[in-house]
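# Observations on chain architecture
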Protein chains: 2
Amino acid sequence: MSQFSTIARHSGISAWKQIADQISRSISSGEFDDTGMVPPEMVLAEKFGVNRHTVRSAIASLAEEGLLKRVQGRGTLIEKRERLIFPITRRTRFSEGLGKQGAEMSTRLISYEELEATQDIADALALPPGARILRLRTVGSADGQPVSTATSHFDKARFPRMAELVGRHHSVTKAFAAQGVDDYVRVSTEVTGRTAAVEEEAYLKLSPGSVVLVALSVNADLEGRRIQYSRSVFAADKISLKLDTASV
Amino acid sequence: MSQFSTIARHSGISAWKQIADQISRSISSGEFDDTGMVPPEMVLAEKFGVNRHTVRSAIASLAEEGLLKRVQGRGTLIEKRERLIFPITRRTRFSEGLGKQGAEMSTRLISYEELEATQDIADALALPPGARILRLRTVGSADGQPVSTATSHFDKARFPRMAELVGRHHSVTKAFAAQGVDDYVRVSTEVTGRTAAVEEEAYLKLSPGSVVLVALSVNADLEGRRIQYSRSVFAADKISLKLDTASV
DNA sequence: AAAGATTTGTCCGTATGTATG
DNA sequence: ACATACATACGGACAAATCTT
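Attention here is on the structure that accompanies the text. (Residues numbered from 1 in each chain as written. Chains lettered and ligands numbered in written order. Predicted model: local features only at pLDDT ≥ 70, side-chain atom pairs only at ≥ 80, totals over all residues. Heavy atoms only, no water.)

### A few points about the nonpolar core
What counts, and what does not: Residues enter a nonpolar core if they are buried and are Ala, Val, Leu, Ile, Met, Phe, Trp, Tyr or Cys, with the set joined through side-chain atoms within 4.5 Å. Categorising residues by exposure relies on relative accessible area from a 1.4 Å probe, with only protein chains included: less than 20% of the type maximum marks a residue as buried, more than 50% marks it as exposed, and the intermediate range marks it as partly exposed. Helical segments are the DSSP runs of H or I of at least four residues, strand segments are the runs of E of at least two, and each set is numbered from the N terminus. Note on definitions: a residue-residue contact is assigned when non-hydrogen atoms from the two residues lie within 4.5 Å.
Core analysis: the largest hydrophobic core is formed by 32 residues, its most contacted members being Leu 241 of chain A together with Leu 241 of chain B. Contributing elements (two or more residues each) for this core: strand E4 (84-88), strand E9 (211-221) and strand E11 (239-244) of chain A together with strand E4 (84-88), strand E9 (211-221) and strand E11 (239-243) of chain B. If near-sequence neighbours (up to four positions away) are discounted, Leu 241 of chain B is found in contact with Thr 189, Glu 190 and Val 191 of chain A together with Phe 86, Ile 88, Val 191, Leu 213 and Phe 234 of chain B. By size, the runner-up hydrophobic cluster in this structure holds 20 residues, among which are Ala 15, Phe 48, Val 55 and Leu 68 of chain B.

### A closer look at the relation of the copies chain B and chain A
To be explicit about the condition: For the least-squares superposition of copies, only C-alpha atoms count, and only for residues with pLDDT at least 70 in both.
Aligned on chain A, chain B shows an RMSD of 0.6 Å; the corresponding rotation is 180° and the shift along the axis is 0.2 Å. The superposition of one copy onto the other is thereby described by a two-fold rotation axis.

### Here's the deal with the side chain of Thr 138 of chain A
Position of Thr 138 of chain A relative to the elements: it lies in strand E6 (residues 132-142). Discounting residues that sit within four places of it in the chain, Thr 138 of chain A has contacts with Thr 107, Arg 108, Leu 109, Ile 110, Ser 148, Thr 149, Ala 150 and Val 166 of chain A.

### Topic: the protein's contact with DNA strand C
The cut-off we apply is this: Whether a residue is near a molecule or strand depends on its heavy atoms: if one lies within 4 Å, it is near. Contacts described as polar in this section are N or O atom pairs within 3.5 Å, which, within protein, must combine one atom able to donate a hydrogen with one able to accept it, while residues neighboring in sequence count only if both atoms come from side chains.
Residues in close proximity to DNA strand C total 19 residues, the closest being Ser 14, Ala 15 and Thr 54 of chain A together with Glu 41 and Arg 52 of chain B. What you see for DNA strand C is that sugar and phosphate hold 70% of its atoms within 4 Å of the protein. At 3.5 Å from a phosphate oxygen of DNA strand C is found a main-chain nitrogen or oxygen belonging to Asn 51 of chain A. Arg 52 of chain B places a side-chain nitrogen or oxygen 2.7 Å from a base nitrogen of DNA strand C. Of all elements in the fold, only helix H1 (15-28) of chain A together with helix H3 (52-65), strand E2 (68-71) and strand E3 (75-78) of chain B reach the threshold of two or more residues within the surface near DNA strand C. Here the surface near DNA strand C takes three residues from H3 of chain B, the largest share from any one element.

What follows is the structure in structure tokens.
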């Protein structure tokens, strides 16, 4: 094991940084789970084909981040981190799902705007293109720690008070209830991943280059009418999405 | 709009690389969808607080990747890329899902090994810890392009010929069929994201630092016995996962 | 159709940062 | 700590292609 790639020499990233990244990724993918520690510096230096000083710089940066812990005479230990599990079912609600794992959930309204439905929004909500849309930007937190930020779209004609109600109740579910929708279901979810945009880094308090999961989802009321189209962005190192396909 | 963060000097990553990453992420998050092009070099240089040449280096690297296309006198155009949609349902099979989108699918066996079940494998397959396990590493391709790599675990006592059969039939489904399992369902899936490990970069032909989606899944036969526990890794810029939610 | 503004392409030179031995 | 080699970043000037007036 311990499969490392060679250092790219004119890639715009300095050698020590590349080595730090590779060690970090190897840890994420479970490479050193058996020992719980990173190979000795001298071994790494030889593996990467670099000078001894260069590996030392790499490990020093990871130790400062808190990912590694250097112990004199013993080696370099890996610090463990766990992800919250966000369940995605037909009846997913942001607050309930994580709430069951003991986290205190809240949704904060960041901003909202009114716009005309573009093609993709109109398609998702089954409205004519150009319909008036309310777009809400929210940040969801677990125990005060921001874990997701969502951009949600609603039909303004049907839910004119959405922004006000989400702002007051700190919950989309409650805002729906206050406007006559007591229950709703998730119609579809599409998930992909990328690195966070600068704005998302700010909202989710991420370090630059962090990976996020992006979930596009559509909710409908019990008569099948589309009521919400949203793009939720999760910090991938804090959250994993759990899909339950047990009882279809 | 056009929200960029400042460039960190002496961070181990050169300015042009940081700028390239930020532009790339802005494109991914749909920042320039209205115009379909990136702001002029001089504007970017001012925004990032760097020389125009530095911005040019950044754009040059993205152009070489095929993400951007520069046209003298006109500007820098964004090249569109589309993701394949991989549906995850109770009846997901790798080859069927993408096959419906017209892609030619195949599964290639990379390697296999025999090992004793660790706690997580034993839990997932409902076997006693220490049971003999076959672990297969496969790469799945669409139209010859690798899109996913999976590490799958099987009960060796029940499926002793798994490696041989997957290697011959290029399909897990057919390998199951040859061993008496005509049908099976997906019990659970857990999705998260991170940057690719070096090994995964090689198998999926990814550039360093690419984002991958990681899906942990368990399959069971129709009597509910667990038959497969696997970790599938997808290239996030080629694939999005469509989750068909259960009506729990 | 012509002129000017905008934007990318190329050349020069200089100073600083990075990695090695 | 030092010397060397090379990549990185900056500054300026002008050419070439495209768009606007």
